[in-house]
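# A look at the structure
Here are the chains, one letter per residue:
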Amino acid sequence: MIQTVTGAITPEKVNRVLPHEHFTFGKPGCLYDMDNRYQREAAYRNGVRNLQMAAKYDVNLIVDATTIEYGRDPAQLKQLSERMGCYIVCSTGFFKDEGDMLALLRSISYQTDLVSWLERLFVREIETGIGDTGVKAGILKTASSLGQIRPLERAVMEAAAHAQRKTGVPLLTHCDRGRLGLAQAELFRTWGVRPEQVVIGHMTSCRDLSEIMRIMDMGYRVGFDQFGILSIPDIPDDEQKKENLLALLREGYEDSILLSHDCMFDRMGAVSSSKPRYPDLIFREVLPYLRGEGISEETITKLTRDNFLKLFHENRSTEGENA
């Protein structure tokens, strides 16, 4: 079963999937930006518009990969899902610690065991629900900073690993600029997480195909999930991303890759100067490219549906099993 914001569904209900997008996204403190005030009604309208774009390509399930502190809005996700008929999966977890973004967790760590506190939080949001919204989280999200896994990020990752083993829900990660994916994979292995239920994210932005293959050889899925991003320094452009994807498919990794954009449908607070991105680019540009290179429709279905659904095929608890 797949937990969405409107309830659990069976895999048979899913057509196509975007497994890493953001409906709203804002750094902690953005609600105090009086010069760029967040307009929740406008965010709702942007959500409707982007869901309409995706629906043209038969997308009827989207994962909102927004973490607790970065603008996640479970109640609005439920409203959007009910209006548009698109299944939405809400995340639980925390993002990276650059710029002291996880100061709240640091304060909590002075008072109690942070990993245990986080594990209880994640399990509660998965099994009981998020506050009084009536929405349950259906996926775990963690992140690492550029070039290092900071202590608070490691605590979040460990807690998410324990919560994943206890609840059986999949786990999705952020690798800054496509780096440290292998380090994340090795850490999760030490904590006993089933690799087939983990997506090591943003491998679209990794230039080292041998590292990506090593991650997949360990049993993990990887996210080719940043198509359309042009503003991040030192990552491949979209043409190179497509070529890298094709190379991995020709190496036989079609069962391990998920496609998405990492779009932000609405930014909270000050808006960056990056070019707006939309959730249909894969279908307009990437899939036609693959078809032109001889990639079969069966493989394309794996990339846009089946590989995501495999994350949930064994979504049972592993609590008590040997790590």
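Please read these numbers as outputs of a predicted model, since none were measured by experiment. Residue numbers restart at each chain and count upward from 1, following the sequence in its written direction. Whole-chain, interface and lining totals are the exception, using all residues; otherwise, since this is a predicted model, local features are given only for residues with pLDDT of at least 70 and side-chain atom pairs are given and counted only at 80 or more. Processing note: side-chain calculations cover all non-hydrogen atoms of the structure and skip hydrogens and water entirely.

### A closer look at the overall build of the protein
To keep it simple, the criterion reads: For helices the rule is a DSSP run of H or I covering at least 4 residues; for strands it is a run of E covering at least 2, with both sets numbered from the N terminus onward. A radius of gyration in this sense is built from C-alpha atoms; the matching globule rule multiplies 2.2 Å by the number of residues raised to 0.38. All accessible-area figures derive from a Shrake-Rupley calculation using a 1.4 Å probe, and residue coverage is judged against the displayed protein chains alone.
On a plain count of helices and strands, the protein comes out with 10 helices and 10 strands. Computed over the C-alpha atoms, the radius of gyration of the protein is 18 Å, within 12% of the 20 Å expected from 2.2 N^0.38 for a compact globule of 323 residues. Reported as C-alpha extents along the three principal axes, the dimensions of the protein are approximately 55 × 50 × 40 Å. Entry remark: accessible area of the protein is about 13,400 Å², with carbon and sulfur atoms responsible for 45%.

### Some details on the pairing of strand S5 (residues 87–93)
Which entries qualify depends on this criterion: Burial here depends on accessible area, computed with a 1.4 Å probe over protein chains only, as a share of the maximum for the residue type. Under 20% is buried, over 50% is exposed, and the range in between is partly exposed. With strands facing away from the observer, any crossover in which the path from the first strand over the helix to the second runs clockwise is taken as right-handed. Here, any two strands with at least 2 DSSP bridges between them count as paired.
Counting buried residues along S5, 6 of its 7 residues qualify, which places the element largely inside the surrounding structure. With helix H2 (residues 74–84) bridging strand S4 (residues 59–64) and its parallel neighbour S5, the resulting β-α-β unit is right-handed. As judged from the 3 bridges shared by S5 and strand S6 (residues 139–144), these two strands associate in the parallel manner. Looking across to S6, one finds that Ser91 is bridged to Ile139.

### A closer look at the packing of aromatic side chains
Operational definition: Stacked, edge-to-face and tilted labels apply to pairs of Phe, Tyr and Trp rings (six-membered ring for Trp) whose centres lie within 6.5 Å, assigned for plane angles under 30 degrees, over 60, and everything in between, in that order.
Scanning all chains against the criterion turns up 8 aromatic pairs. Relative to Phe95, the ring of Phe25 lies with its centre 6.0 Å away and its plane at 90°, an arrangement referred to as edge-to-face. Residue Phe25 is located in the loop between strand S3 (16–21) and helix H1 (40–55), and its partner Phe95 is located in the loop between S5 and helix H3 (103–109); the two are separated by 70 residues in the primary sequence. For Phe25, a relative accessible area of 13% corresponds to the buried category.

### Some remarks on the packing of H1 against H2
Here is the rule: Note on geometry: axes are lines fitted to C-alpha atoms, helical ones only across the stretch in contact, with angles between N-to-C directions running from 0 to 180 degrees. Orientation labels follow simple angle bins: below 35 degrees gives roughly parallel, above 145 gives roughly antiparallel, 65 to 115 gives roughly perpendicular, and whatever is left gives oblique. By convention the crossing between two helices is left-handed if the near helix lies anticlockwise of the far one by an angle smaller than a right angle, and right-handed if it lies clockwise. Here, residues are in contact when the closest pair of their heavy atoms is within 4.5 Å. Ten residue types, Ala, Val, Leu, Ile, Met, Phe, Trp, Tyr, Cys and Pro, are classed as nonpolar, four, Asp, Glu, Lys and Arg, as charged, and the remainder, Gly among them, as polar.
One way to put it is that H1 packs onto H2 with a least axis distance of 10 Å and a crossing angle of 40°. The pairing of H1 with H2 is recorded here as oblique in orientation. Considering only the axes of H1 and H2, their crossing is right-handed. Between H1, through Arg40, Ala43, Tyr44, Gly47, Val48, Leu51 and Gln52, and H2, the contact on the second element is made entirely by Ala75, Gln76, Gln79, Leu80, Arg83 and Met84. Among the residues forming the contact of H1 with H2, the class breakdown is 7 nonpolar, 4 polar and 2 charged.

### Considering unusual backbone geometry
Its identity is not glycine, yet Arg177 carries a phi of approximately 55°, on the positive side. You can see Arg177 is positioned in the loop between strand S7 (171–175) and helix H6 (181–190). Here Arg177 falls in the partly exposed class, since its relative accessible area comes to 26%.

### Some thoughts on the sheet that holds strand S10 (residues 257–259)
Strand order in the open sheet formed by 8 strands is S3-S4-S5-S6-S7-S8-S9-S10, with parallel pairing between adjacent strands. At either end of the open sheet lies a strand with only one pairing partner, and these are S3 and S10. Strand-to-strand, the axes of this sheet are offset by a mean angle of 25°, without reference to chain direction. Here S4 pairs with S5 via 4 bridges, running parallel. Bridging across to S5, Leu61 finds its partner in Tyr87.

### Thoughts on the side chain of Thr304
Structurally, the position occupied by Thr304 is in helix H10 (residues 297–310). When neighbours within four sequence positions are excluded, Thr304 is seen to be in contact with Arg16, Val17, Leu259, Phe283 and Leu287.

### Some details on the pattern of salt bridges
The line we're drawing: Salt bridge, as used here, is a side-chain nitrogen of Lys or Arg placed within 4 Å of a carboxyl oxygen of Asp or Glu.
Tallying each qualifying case throughout the model produces 18 salt bridges. In this structure, the salt-bridge partner of Glu125 is Arg72, at a minimum N-O distance of 2.8 Å. Of the two residues, Glu125 is situated in helix H4 (residues 114–127) and Arg72 in the loop between S4 and H2; the sequence distance between them amounts to 53 residues. Across the pair Lys302 and Asp255 runs a salt bridge whose closest N-O atoms are separated by 2.9 Å. Of this pair, Lys302 sits in helix H10 while Asp255 sits in the loop between helix H8 (238–250) and S10, and the two are 47 residues apart along the sequence. A relative accessible area of 16% places Lys302 in the buried class.

### Here we look at the packing of H6 against helix H7 (residues 209–217)
At a closest axis distance of 9 Å, the pairing of H6 and H7 adopts a crossing angle of 20°. With respect to each other, H6 and H7 are oriented roughly parallel. Crossing of H6 over H7 shows left-handed handedness. Across the interface between the two elements, Gly181, Leu182 and Glu186 of H6 pack against Glu211, Arg214 and Ile215 of H7. Here the residues of the contact of H6 with H7 sort into 2 nonpolar, 1 polar and 3 charged.

### Regarding the nonpolar core
How we decide: By nonpolar core is meant a set of buried Ala, Val, Leu, Ile, Met, Phe, Trp, Tyr and Cys residues that side-chain atoms within 4.5 Å join together.
In terms of nonpolar packing, the biggest core is built from 76 residues, with Phe122, Phe224, Ile257 and Leu290 touching the most fellow members. The element that contributes the greatest number of residues to this core is helix H5 (residues 151–167), accounting for 8 residues. Excluding residues that lie within four positions of it along the chain, Phe224 makes contacts with Met203, Thr204, Ile212, Lys241, Asn244, Leu245, Leu248, Ile257, Leu258, Leu259 and Ser260. If you look at the next biggest cluster of nonpolar residues, it comprises 16 residues, including Leu172, Val199, Leu258 and Leu309.

### A closer look at H4
Condition: An expected span of 1.5 Å times one less than the residue number is assigned to each helix.
Between its terminal C-alpha atoms H4 stretches 20 Å, which fits the 20 Å expected from 14 residues at 1.5 Å a residue. The set of residues buried in H4 consists of Leu114, Val115, Leu118, Glu119, Leu121, Phe122, Val123, Glu125 and Ile126. Just downstream of H4, Gly129 is the residue with a positive phi angle, here 135°.

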